[in-house]
Amino acid sequence: MIYFDNSATSYPKPSQVTDAVIYFMTKIGANPGRAGHSQSVKAGEIVFEARKKVAVFFGLKSPMNVIFTSNATEALNTAVKGLLIKGDHVITSAMEHNSVMRPLKRLEEDGIITFSVLEGDDRGVLSVEEVIKAIKPATKVLVINHMSNVTGAVQPVREIGELCRSKGVLTILDCAQSAGIIPLDMCADYIDIVCFTGHKGLYGPTGTGGMVIRDGFDFNRIRPLKEGGTGSLSDKTVQPAFMPDKFESGTLNAAGIAGLSKGIDFLNSLPEGLKSVQLHKQTLQKYFIEKAKKHVKGFVTQSETEGYGVVSFTIEGLSVSEVTMKLSDLYGIMSRQGLHCAPLAHRRIGTFPEGTVRFGFSVFNTRDEIDSAVKALKEIAGGN
Amino acid sequence: MSGESVILFHSSNYAMWAADALKKAKIGHKLVPVPRELSSDCGYCVRFDTLSAGQVSALMEKENIEFDRIEQI
Ligand SMILES: Cc1ncc(COP(=O)(O)O)c(C=O)c1O
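How each quantity is defined
By convention here, each chain's residues receive numbers from 1 onward along its written sequence. Here chains are named by letter from A upward and ligands by number from 1 upward, in the order in which they appear as written. With pLDDT at 70 or above as the cut-off, local features in this predicted model cover only qualifying residues; side-chain atom pairs require 80 or more to be listed or tallied, and sums for whole chains, interfaces and linings still use all residues. Remark: hydrogens and water are excluded; side-chain values derive from all non-hydrogen atoms of the structure. Strands here are runs of E lasting at least two residues and helices are runs of H or I lasting at least four, both read from the DSSP assignment and numbered beginning at the N terminus. In this description the radius of gyration comes from C-alpha coordinates, and the expected globular size is given by 2.2 Å times residues to the power 0.38. Accessible area is worked out with a 1.4 Å probe on protein chains only. A residue is then buried under 20% of its type maximum, exposed over 50%, and partly exposed in between. Any two residues whose heavy atoms approach within 4.5 Å at even a single point are treated as in contact. We call a residue near a given molecule or strand whenever any one of its heavy atoms falls within 4 Å of it. Counting of polar contacts relies on pairs of N or O atoms within 3.5 Å, with two restrictions inside protein: one atom must be capable of donating a hydrogen and the other of accepting it, and residues adjacent in sequence are counted only when both atoms are side-chain atoms. In this analysis the probe radius is 1.4 Å and the grid spacing 1 Å, with only protein atoms considered; a cavity is a set of points the probe fits into but cannot get out of, a pocket is an open set with protein on both sides within 12 Å along at least five of seven lines, and lining residues have an atom within 4 Å of a point. Cavities and pockets are treated as containing a molecule whenever more than half of the molecule's atoms lie within 2 Å of their grid points. Two parts placed together each lose some accessible area under a 1.4 Å probe, and adding up what both lose gives the buried area. Whenever a carboxyl oxygen of Asp or Glu lies within 4 Å of a side-chain nitrogen of Lys or Arg, that contact is scored as a salt bridge. Should DSSP find at least two bridges between two strands, the strands are taken to pair. Between the N-to-C directions of two axes lies an angle of 0 to 180 degrees, each axis being a line fitted to C-alpha atoms and, for a helix, fitted only over the stretch in contact. What sets the label is the angle itself: under 35 degrees gives roughly parallel, over 145 gives roughly antiparallel, 65 to 115 gives roughly perpendicular, and the rest give oblique. Classification used: nonpolar for Ala, Val, Leu, Ile, Met, Phe, Trp, Tyr, Cys and Pro, charged for Asp, Glu, Lys and Arg, polar for all others including Gly. Grid points are joined across faces, edges and corners, and a volume is the space filled by probe spheres set on the points. Annotation comment: domain bounds sourced from an automatic or database domain assignment.

When helices and strands are tallied, chain B shows two helices and four strands. Mapped from its N terminus to its C terminus, chain B presents α and β elements in the order β-α-β-β-α-β. At 11 Å, chain B has a C-alpha radius of gyration in line with the 11 Å of a compact globule built from 73 residues. Along the first, second and third principal axes, the C-alpha set of chain B runs to 30 × 25 × 15 Å. Among the 73 residues that make up chain B, the fraction classed as buried is 51%. Restricting the contact set of chain B to residue pairs at least 6 apart, pairs at least 24 apart contribute 70%.

This is how it looks when you write it as structure tokens:
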């Protein structure tokens, strides 16, 4: 089996990740932060270690500003719905995933906000000039992704962040695809809130992710999405007002977080950290695109030759579902077809409503696997 | 001042953070259940030798770790 659906979720996971999950479930087991017994303390320590690593990973000082969620979607819903109030205006891009678009749409339908969708250049990449033009007196937030899950296009985050900071516009960055590939320093990059998922480029288990708030940001401006048990202030019926408890009601996915923690260790243990990841993915992407262009009849890609391992493509005359089905059934190659939860992005690049086939590479993929995939695509496409 | 003290936090998350900082600063301590008579919280607090009380509170201040209070036990 060849797994090229890493942009949906990465597979395989490093062995230290799966080992950590099993260790947690077989040797620790307890609920972190809910009791004083020694197993609960150990569980709490594992979660705290993960919090600390995530904080360092995004350039934060306070581990308390890391809020664990079940995925990027929950984090984005918390940030968007928690921060926006009646009359606010939001700026976003046409490249957004539905985990950004749908919460915005919900708030718009409820008559709470208005929002502008910026088109960017022909790859959907925004410019500072375009953002400046879109800022209105009521603009409170800019929410964009760091890297597109459709084409892999990367947004100029620092330039846009700096502009927004200077104009008093808050920034929410969807790092679902970029975390574990493109480094981010929330302070130097002028980002107020990062939403990430643990199960893609961070190599953690599904059901992990988080919302990370910049040091010094007034988190009182954000309403939690949910209230409930936190293990703190149990004599009170009101939700705690401090970080991270304010946003972390309910038992955490501690076994998953134990795995996520090791996923981050895995990335840090690579010879040059994220540089190694980038180099590997860039090499695979370039190799695949150049080879497919040469050998696969009617191959068209919507991604750049230079990129971090997210490649959308189509084959003229074939439906994308036919391609992915044949890849899977006849060749054991896993890929994803369609709109990838990002309808506007496909409109922007001209592939709506059919969508594309997407290959998402991980650090575990090899040139040999790409050779096999190109051979398979060549046969599927037919011709010469 | 001899004996032991505990430092109480609003949440176990802060107790974890404090324990981590104390470990790095090589100040002896232990994470223990919050004594029922001191607080109704379900979680833990950090116990230490009362002699290091000054050091402990200075470290909390330095690291910006918010705490509720220190109590002799
Ligand atoms: C750009 C982008 N944002 C958000 C998400 C949502 O991530 P999750 O499904 O883990 O919530 C994804 C992936 O599905 C994504 O690619």
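Moving on, there is more to tell.
Turning to the site of the ligand, a few remarks are in order. All names here are of chain A. By nearness alone, every residue bordering the ligand is listed as Asn 71, Ala 72, Thr 73, His 97, Ser 99, Asn 149, Asp 174, Ala 176, Gln 177, Thr 197, His 199 and Lys 200. Thr 73 has a polar side-chain atom sitting 2.5 Å from an oxygen atom of the ligand. Take Gln 177: an N or O atom from its side chain is 2.7 Å from an oxygen atom of the ligand. Of all the cavities here, the one that holds the ligand is the second largest pocket.

A few words on the interface of chain B and chain A. Between chain B and chain A, the contact holds 16 residues from the first and 26 residues from the second. Summed over both partners, the interface of chain B with chain A comes to about 1,600 Å²; 60% of that surface belongs to carbon and sulfur atoms. The interface formed by chain B and chain A holds one salt bridge in total. The partner of Lys 52 of chain A in a salt bridge is Asp 20 of chain B, and the shortest N-O contact between them spans 2.9 Å. Our count for the chain B to chain A interface comes out at seven residue pairs in polar contact (both at pLDDT 80 or more).

Turning our eyes to something else, we now look at the sheet that holds strand 7 (residues 193–197) of chain A. Residues and elements named next belong to chain A. Ordered in space as 2-8-7-6-5-3-4, the seven strands form an open sheet in which the pairing is mixed. Among the strands making up the open sheet, the edge pair consists of strand 2 (66–69) and strand 4 (114–118). Geometrically, the sheet is characterised by an average inter-axis angle of 20 degrees between neighbouring strands, direction not taken into account. Helix 3 (residues 72–83) rests against strand 2, strand 5 (139–145), strand 6 (170–174), strand 7 and strand 8 (209–213) of the sheet, and its axis sits at about 155 degrees to strand 7.

The next point concerns the packing of helix 2 (residues 38–57) of chain A against helix 1 (residues 12–24) of chain B. Packing of helix 2 of chain A against helix 1 of chain B brings their axes to within 10 Å, and their N-to-C directions diverge by 80 degrees. With respect to helix 1 of chain B, the axis of helix 2 of chain A lies roughly perpendicular. On helix 1 of chain B, the residues touching Val 41, Gly 44, Glu 45, Phe 48, Glu 49, Arg 51 and Lys 52 of chain A of helix 2 of chain A are Asn 13, Met 16, Trp 17, Asp 20 and Lys 24 of chain B. The residue inventory of the contact of helix 2 of chain A with helix 1 of chain B, partitioned by class, reads four nonpolar, two polar and six charged.

Residue and element names in this part refer to chain A. In total, this model carries 27 salt bridges over all chains according to the counting rule given. Across the salt bridge formed by Lys 226 and Glu 74, the nearest N and O atoms sit 2.7 Å from each other. A residue pair is termed long-range when its members are at least 10 positions apart, and Lys 226 in the loop between strand 8 and helix 7 (254–269) and Glu 74 in helix 3 qualify at 152 residues. On the basis of relative accessibility, which here comes to 33%, the residue Lys 226 falls in the partly exposed class.

Moving on, we come to empty space enclosed by the protein. Counting across every chain of the model gives five cavities of 30 Å³ or more. In this structure, the largest cavity occupies an estimated 190 Å³ of space. Around the largest cavity, the lining comprises 18 residues; the ones closest to its centre are Pro 32, Gly 33, Arg 34 and Arg 51 of chain A together with Asn 13 of chain B. Broken down by class, the residue content of the lining of the largest cavity amounts to six nonpolar, eight polar and four charged. A volume near 90 Å³ is recorded for the second largest cavity. As for the second largest cavity, its lining consists of 16 residues, of which Asn 6, Ser 7, Ile 181, Lys 281 and Phe 361 of chain A are closest to the centre.

A few words on the domain arrangement of chain A. One widely used convention gives an interface's size as the accessible area the parts lose upon coming together. All names here are of chain A. What the domain assignment lists for chain A is domain 1 (15–269) and domain 2 (273–380). Domain 1 and domain 2 are separated by 28 Å when their C-alpha centres are compared. Facing the 29 residues of domain 1 at the interface are 25 residues of domain 2. Buried area between domain 1 and domain 2, both sides added, is near 2,200 Å², and the carbon and sulfur share of it is 64%. Linking domain 1 with domain 2 are two salt bridges. Residues Glu 119 and Arg 348 are paired through a salt bridge, measuring 3.3 Å at the closest nitrogen-oxygen approach.

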